[in-house]
Amino acid sequence: MTDVKEYLKQLEENQREKYPNQPEFLQAVAEFIGTVEPFLTKHPEYVEKNILELLLVPERIIEFRIPWMDDKGAWKVNTGYRVQYNSALGPYKGGMRFHPTVNQSIVKFLGFEQIFKNSLTSLPIGGGKGGSDFDPKGKSDEEIMRFCQSLMRELQKYIGPNEDVPAGDIGVGAREIGYLFGEYKRLNGYHAGVLTGKPLAYWGSLARKEATGYGLVYFVQHLLADKNDSMEGKKVLVSGSGNVAIYAIEKAQELGATVYGCNDSSGSIIDEEGIDLALLKEIKEVKRERISAYLEHRPQAKFYPNTTIWDVEFEYDIALPCATQNEISKESAATLIKNGVSIVAEGANMPTTLEALEVFNEENIIYCPGKAANAGGVAVSALEMAQNAQRLPWTFEEVDQELNKIMKNIYETCRETSMTYLGEFDLVAGSNIAGFARVAEAMVSQGLV
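Keep in mind the model is a prediction, meaning the values are calculated, not measured. (Residues numbered from 1 in each chain as written. Predicted model: local features only at pLDDT ≥ 70, side-chain atom pairs only at ≥ 80, totals over all residues. Heavy atoms only, no water.)

## What to know about the overall build of the protein
- Along the backbone of the protein there are 18 helices and 12 strands.
- The C-alpha atoms of the protein give 21 Å as radius of gyration, which agrees with the globular expectation for 449 residues (22 Å, within 12%).
- C-alpha extents for the protein along the principal axes are approximately 65 × 55 × 45 Å.
- Looking at the protein as a whole, 57% of its 449 residues qualify as buried. (Helix = DSSP H or I, 4+ residues; strand = E, 2+ residues; numbered from the N terminus. Rg over C-alpha atoms; globule rule 2.2 N^0.38 Å. Buried < 20%, exposed > 50% of the residue type's maximum accessible area, 1.4 Å probe, protein only.)

In structure tokens:
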């Protein structure tokens, strides 16, 4: 019989040998492999069938060039990616990211995480991810439109409502989804379910924009309720100032918490009177300005240029990282603990380094991993797919209630799974094992596909 510990060690070493230049992917693999030993020990049949190694290899990676013309008539070129990682539970589902850092390592780590995130929703969706190293910052609407049209002319060969359904991610909002959808429609006819995160005018879903941020706070709410506590009176800091951050702030405020700070790539703000959400929305959603513009209307706030929110000294209870991967370093984790944080819940994908996670574990910080805590976005994307298939729109309240139920179920599943296999409360292990168990069972029942 195969030794599980040795099997997992060898798997990780093999990935490091094969992909030495993919640090983000290797980090995601290491975080996952480090938690599933108790499950595989109780289910050696998955080791014998080598399910985990099959799962580590994407079913398909698509890489392509994207030529486009800027406003001066000059031709530019970027690289596009789509990783169709695992379809055991349904069509590939996952966002498209437009950011200069996007490469194969980034989309593989995001796609790998997406497999388990989608599994945790209990909805019929597999794992995928994609994007481009295109930077939408500083580009005109016309340049972004031409880029999206060029990207879709290639991507449309590989996606469809029952095959692969992309959505938005960093740098891809309703504007970009609209341009992508328009080009797909021009080439293939009208298929409402081919993309999610669409504007409401053509079968987008109410509450989709809010879903990841709301879902994150719902997850924390259910965690607190489990301990006879609530969001009421909690002090919160949030990183980022995009959709996830803004709507996490909105829901936290609705539930009685006070959010004191957020940031963007230029720096961080702390408002000791609490973040003015209407002002933040105007700056970020309407004017698309830098976060420092907040001080023009709220001069009592403090701005920390070129500083992540997690390096600011300020006393608070809950940290909601909603920006990007590896934003919380080991040093930042120490600052969070010094500031009195008791809960870290991830709205972004893998925002915590492995070294920072070790610090949180040593200090008994409750840590809610992104694949569980930020699953609300993809959950409502799947609900959008259901509405598109039914040709029936749901109300905001219907979608929001379903989102809350899904996040409650995810939290309880992670809690119960960790208690079953570890005998202790560990949401990281619980989310990894619960997500993996469902996918592994499906792969075996379908003949290891």
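## Things to note about the pairing of strand β5 (residues 164-168)
- Burial of β5 is extensive: 4 of the 5 residues sit out of reach of the surface.
- Across 5 bridges, the pairing between strand β3 (residues 92-98) and β5 is parallel. In the strand pairing of β5, lysine 93 is matched with valine 165. (Pairing = 2+ DSSP bridges.)

## Concerning the side chain of glutamine 325
- For glutamine 325, the location among the structural elements is in the loop between β10 (318-320) and α13 (330-338).
- Here the side chain of glutamine 325 touches arginine 97 through a polar contact of 2.9 Å, side chain to side chain.
- In this view, glutamine 325 contacts Arg97, Ile106, Phe109, Asn349, Met350 and Pro351; residues no more than four positions away in its chain are not counted. (Polar contact = N/O pair within 3.5 Å; in protein donor to acceptor, adjacent residues only side chain to side chain. Contact = heavy atoms within 4.5 Å.)

## Notes on the pattern of salt bridges
- Within the structure shown, the criterion is met by 28 salt bridges.
- A salt bridge links aspartate 70 to lysine 76; the shortest N-O distance between them is 4.0 Å.
- Residue aspartate 70 is classed as buried on the basis of its relative accessible area of 11%.
- As a salt-bridge pair, arginine 415 and aspartate 226 come within 2.9 Å of each other at their nearest N and O atoms. Residue arginine 415 is found in helix α17 (residues 396-422), and its partner aspartate 226 is found in helix α9 (residues 208-226); the two are separated by 189 residues along the sequence. (Salt bridge = Lys/Arg side-chain N within 4 Å of Asp/Glu carboxyl O.)

## Focus: the packing of helix α1 (residues 4-18) against helix α2 (residues 23-33)
- For the pair α1 and α2, interaxial distance at closest approach is 10 Å and the crossing angle is 180 degrees. Classed by the angle they form, the pair α1 and α2 counts as roughly antiparallel. Between α1 and α2, the residues in contact are Leu8, Leu11, Glu12, Gln15 and Arg16 and Phe25, Leu26, Val29, Ala30 and Ile33, respectively. (Axes fitted to C-alpha atoms, helices over the stretch in contact; angles between N-to-C directions. Parallel < 35°, antiparallel > 145°, perpendicular 65-115°, else oblique.)

## Details of the pairing of β3
- Most of β3 sits inside the fold, with 7 of its 7 residues counted as buried.
- Pairing of β3 with strand β4 (residues 126-132) involves 5 bridges; the strand directions are parallel. Each residue of the ladder has a partner; that of lysine 93, found in β4, is glycine 127.
- Chirality of the crossover, the property in question, places the unit of β3, helix α6 (residues 104-120) and β4 among those that are right-handed. (Right-handed = clockwise from strand over helix to strand, strands pointing away.)

## Things to note about the environment of asparagine 243
- Position of asparagine 243 among the secondary structure elements: in helix α10 (residues 243-254).
- For the pair formed by asparagine 243 and lysine 129, sequence separation is 114 residues and the distance between their alpha carbons is 18 Å.
- When neighbours within four sequence positions are excluded, asparagine 243 is seen to be in contact with Lys209 and Glu285.

## Concerning the UniProt feature "active site" (unreviewed entry) in the protein
- Here, UniProt's "active site" (unreviewed entry) annotation points to Lys129.
- With respect to the secondary-structure elements, lysine 129 resides in strand β4.
- With relative accessibility at 3%, the residue lysine 129 sits in the buried group.
- If we ignore the near neighbours within four places in the chain, the residues touching lysine 129 are Tyr81, Arg82, Val83, Gly94, Gly95, Val107, Leu110, Gly111, Gln114, Asp169 and Asn349.
- Engagement of the side chain of lysine 129 in a polar contact is seen with the side chain of glutamine 114, the distance being 3.3 Å. (UniProt positions renumbered as here; feature names shortened; annotations may be inferred.)

## Comments concerning empty space enclosed by the protein
- Within the structure shown, the criterion is met by 1 cavity of 30 Å³ or more.
- Approximately 100 Å³ is the volume found for the largest cavity.
- Sorting the residues of the lining of the largest cavity by element identifies α2, α14 (354-362) and α15 (370-373) as the ones contributing at least two each. (1 Å grid on protein atoms, 1.4 Å probe; cavity = no way out; pocket = protein on both sides within 12 Å on 5 of 7 lines; lining within 4 Å. Points joined across faces, edges and corners; volume = space filled by probe spheres on them.)

## Section: a negative patch on the surface
- Residues Asp311, Glu331, Glu355, Glu358, Glu362 and Glu363 make up a contiguous surface patch of negative charge.
- Take the negative patch: its biggest share by element is 3 residues, from α14.
- Along the polypeptide, glutamate 355 turns up in helix α14. (Patch = residues over 30% accessible without salt bridge, like charges linked within 9 Å, V, L, I, M, F, W, Y side chains within 5 Å. Areas by Shrake-Rupley, 256 points an atom, 1.4 Å probe, with all protein chains shown as cover. Lys, Arg positive; Asp, Glu negative; His and termini not counted. Charge placed at Lys NZ, Arg CZ, Asp CG, Glu CD.)

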